[in-house]
Amino acid sequence: MPSRKKLTKHDKYVLELKDKIKHKYDFISTNVKVSGKKRSLGEIDLVARKGKTIDLYEVKCSHRVIKAKKQLKRIRRLLNLNNANSYFYCGSSKLLISV
């Protein structure tokens, strides 16, 4: 019988957000890693696509909007998605904020 890894609080919030927004999109990816030639450059919690529109979501357990904004800006630059919409989701308060 395969052993199941216990989900972290953050992982639960990511799945909770995915469940909340899945009806709005054609496709949603979770925990998308951005790799460079020698190392990992970053990770974004959710990338959602509807047609040609791409939305990026960063999930935090507590209200840390400044850190989320910084991460989203970096990921948009790395993936060359300058006109992608960016959102911050606070798991503890269930707030979804456009950043």
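The present account deals with the structure reproduced in this document.

On to the side chain of K60, then. Tracing the chain through its elements places K60 in strand β3 (residues 53–60). Take K60: its relative accessible area is 10%, and that puts it in the buried class. One polar contact links K60 to E58, side chain to side chain, over a distance of 3.4 Å. When neighbours within four sequence positions are excluded, K60 is seen to be in contact with K67, A68, Q71, F88, Y89, C90 and G91.

It is worth spelling out the state of the cysteines at this point. A complete count under the given rule lists zero disulfides for this structure. Not engaged in a disulfide, the cysteine C61 finds its nearest cysteine sulfur in C90; these two sulfurs lie 8.5 Å apart.

Looking now at the sheet that holds strand β4 (residues 85–90). On the basis of which strands lie adjacent, the open sheet formed by five strands has the order β1-β2-β3-β4-β5 and mixed pairing. Pairing within the sheet leaves two strands with one partner each, and these edge strands are β1 (27–35) and β5 (95–98). For this sheet the average axis-to-axis angle between neighbouring strands, irrespective of direction, equals 30°. Pairing between β3 and β4: six bridges, direction parallel. Within the sheet, the bridge partner assigned to L56 lies in β4 and is S86. Together, β1, β2 (40–50), β3 and β4 form the strand contacts of helix α2 (residues 65–78), whose direction differs from that of β3 by roughly 145°.

Turning next to the pattern of salt bridges. For the structure shown, the criterion picks out five salt bridges. Put simply, K50 and D26 hold a salt bridge, and the shortest N to O gap is 3.8 Å. Of this pair, K50 sits in strand β2 while D26 sits in the loop between α1 (9–21) and β1, placing them 24 residues apart in sequence. In this structure, E58 engages K60 in a salt bridge whose closest nitrogen and oxygen atoms are separated by 3.4 Å.

Time to look at the nonpolar core. Ranked by size, the top nonpolar core spans eleven residues in total: Y13, V14, L17, I21, Y25, I28, L46, A48, Y57, V59 and Y89. Elements represented by at least two residues in this core include exactly α1, β2 and β3. Not counting residues within four places of it along the chain, the set of residues in contact with I28 comprises K18, I21, K22, L46, V47 and A48. Within the second largest apolar cluster, eight residues are counted, among which are I44, L72, L81 and A84.

The rules behind these values
Residues numbered from 1 in each chain as written. Predicted model: local features only at pLDDT ≥ 70, side-chain atom pairs only at ≥ 80, totals over all residues. Heavy atoms only, no water. Helix = DSSP H or I, 4+ residues; strand = E, 2+ residues; numbered from the N terminus. Buried < 20%, exposed > 50% of the residue type's maximum accessible area, 1.4 Å probe, protein only. Polar contact = N/O pair within 3.5 Å; in protein donor to acceptor, adjacent residues only side chain to side chain. Contact = heavy atoms within 4.5 Å. Disulfide = S-S within 2.5 Å. Pairing = 2+ DSSP bridges. Axes fitted to C-alpha atoms, helices over the stretch in contact; angles between N-to-C directions. Salt bridge = Lys/Arg side-chain N within 4 Å of Asp/Glu carboxyl O. Core = buried A, V, L, I, M, F, W, Y, C linked by side-chain atoms within 4.5 Å.

Purely geometric numbers; function is a separate question.
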